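Chain residues, written in single-letter form:
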Amino acid sequence: MPVAKGSTIDPERTRATILEAATPVLYERGLDGIGVAELCARIGISKETLYRHFGTKDALVEAVLEVRSDRVMSWLASAVAAAGQDPADQLSAVFDALGQWYDEPVFRGCAMLNAAAQHHVEAVRAITARHLGRYLELLTGIASRAGAADPHLLGRQLLILVEGATVVAAHHSAVGAGDHARRAALTLLSARTSLEC
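> Now, about the environment of Gln-118: what can you tell me, with residues and values included?
Note on placement: Gln-118 falls in helix α6 (residues 111-118). A residue is classified by how much of its surface remains accessible, and Gln-118, at 34% relative accessible area, is partly exposed. Put simply, Gln-118 and Gly-30 are 88 residues apart on the chain and 7.4 Å apart in space, counted from C-alpha to C-alpha.

Okay, structure coming up:
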């Protein structure tokens, strides 16, 4: 990432550029599937640059996961907001968005769960737990707006459907995974709100 003659180095921009370049490489290859030298070569930086901005590869991994979590949650919150006020439409929007993601050629499953499974480091597991907590908050909000007597329980059940569909799409077949999970989620939402209201 050479700096043009006469321009100044902006550490924040450099850091953001490294994160953007490293994210797809780490997602494709896995956190432990690529060494520092190859990672640096793939993203066009020196080891010194990586270490100057992140200290360690683990710190880069943690930053990549934090940024990815933010992006995923912003993307899903936008899908929910665009769906309008009906909780069933909001829930459908979550699973429709996930279904589109499952169909992308670069889809490799949930980066957070992949990271927790591949990289047995407490910091990565903590990031994964926070990410799942953010998913749970989104889904619990939908359950609450739907009038569920126990929105947290319903939110957790919906989270299990989200992650289950993601695992099935990544490791078995993406065909219809989002649609099947959406239909199951809507059935669950209907049963938990009509029976408890």
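Now that the structure has been shown, the text picks up again.
> Tell me about the packing of aromatic side chains, and please be specific about residues and values.
A complete count under the given rule lists four aromatic pairs for this structure. Look at Trp-101 and Tyr-102: their rings are 5.9 Å apart centre to centre, the planes differ by 40°, and that puts the pair in the tilted class. The exposure class of Trp-101 is buried, given its relative accessible area of 14%. A relative accessible area of 3% means that Tyr-102 is categorised as buried. Among the aromatic residues, ring-to-ring pairing joins Trp-75, Trp-101, Tyr-102 and Phe-107 into one connected group. For the cation-ring pair, Arg-68 lies above Tyr-27, with the distance from its terminal atom to the ring centre recorded as 4.2 Å.

> Go over the nonpolar core, please, and point to the residues and values.
Leu-76, Leu-91, Val-94, Phe-95, Leu-98, Tyr-102 and Tyr-135 are the most contacted members of the largest nonpolar core, which totals 33 residues. At the level of secondary structure, the elements contributing two or more residues to this core comprise α4 (57-82), α5 (87-102), α7 (122-145), α8 (151-171) and α9 (177-194). Tallying contributions element by element places α5 first for this core, with eight residues. Beyond its immediate sequence surroundings of up to four residues, Tyr-135 is in contact with Val-72, Met-73, Leu-76, Leu-98, Leu-159, Val-162 and Glu-163.

> Residues and numbers for the packing of helix α3 (residues 47-54) against α4, please.
Running from N to C, α3 and α4 point in directions that differ by 65°, and their axes come no closer than 9 Å. The way α3 lies across α4 gives a crossing that is left-handed. Taking contact as the criterion, the partners of Leu-50, Tyr-51 and Phe-54 in α3 are, on α4, Lys-57, Ala-59, Leu-60 and Ala-63. Considering only residue class, the contact of α3 with α4 consists of six nonpolar, no polar and one charged.

> An account of the side chain of Thr-140 is requested, with residue identities and associated values reported.
In this structure, Thr-140 sits in helix α7. Discounting chain neighbours no more than four positions away, the residues touching Thr-140 are Pro-151, His-152 and Gly-155.

> Can you explain the environment of Leu-76? Please cite residues and give values.
Along the polypeptide, Leu-76 turns up in helix α4. Linking Leu-76 and Ala-93, residues 17 residues apart in sequence, is a C-alpha distance of 8.1 Å. If we skip the residues at most four places from it in the chain, Leu-76 touches Val-94, Ala-97, Leu-98, Tyr-135 and Leu-138.

> Let's hear about α4: which residues, and what values?
Relative to the 38 Å expected for 26 residues at 1.5 Å per residue, α4 spans 37 Å between its end C-alpha atoms, a close match to the ideal helical length. Its side-chain oxygen placed 3.4 Å from the backbone nitrogen of Asp-58, Thr-56 serves as the N-cap of α4. Positive phi shows up at Gly-84, right after α4, with a value of about 95°.

> Requested: an account of helix α1 (residues 11-29), with residues and values cited.
When the terminal C-alpha atoms of α1 are compared, their 26 Å separation across 19 residues agrees well with the 27 Å that a helix rising 1.5 Å per residue should span. Within α1, the axis deviates most sharply at Ala-22, by approximately 30°, and proline Pro-24 lies no more than four positions further along. Those residues of α1 lying buried are Thr-14, Ile-18, Leu-19, Ala-22, Thr-23, Val-25, Leu-26 and Tyr-27. Against α2 (36-43), α3, α4, α5 and α6 lie the buried residues of α1. Taking the backbone nitrogen of Glu-12 as reference, a side-chain oxygen 3.2 Å away marks Asp-10 as the first, capping residue of α1. Remark: Gly-30 follows α1 within two positions and exhibits a positive phi of approximately 90°.

Cut-offs used in this document
- Residues numbered from 1 in each chain as written.
- Predicted model: local features only at pLDDT ≥ 70, side-chain atom pairs only at ≥ 80, totals over all residues.
- Heavy atoms only, no water.
- Helix = DSSP H or I, 4+ residues; strand = E, 2+ residues; numbered from the N terminus.
- Buried < 20%, exposed > 50% of the residue type's maximum accessible area, 1.4 Å probe, protein only.
- Phe/Tyr/Trp six-rings, centres within 6.5 Å; stacked < 30°, edge-to-face > 60°.
- Lys NZ or Arg CZ within 6 Å of the ring centre and 35° of its normal.
- Core = buried A, V, L, I, M, F, W, Y, C linked by side-chain atoms within 4.5 Å.
- Contact = heavy atoms within 4.5 Å.
- Axes fitted to C-alpha atoms, helices over the stretch in contact; angles between N-to-C directions.
- Left-handed = near helix turned anticlockwise from the far one by under 90°.
- Nonpolar A, V, L, I, M, F, W, Y, C, P; charged D, E, K, R; others polar.
- Expected span 1.5 Å × (residues − 1).
- Polar contact = N/O pair within 3.5 Å; in protein donor to acceptor, adjacent residues only side chain to side chain.
- Bend = angle between axes of the 7 residues up to and from the residue.

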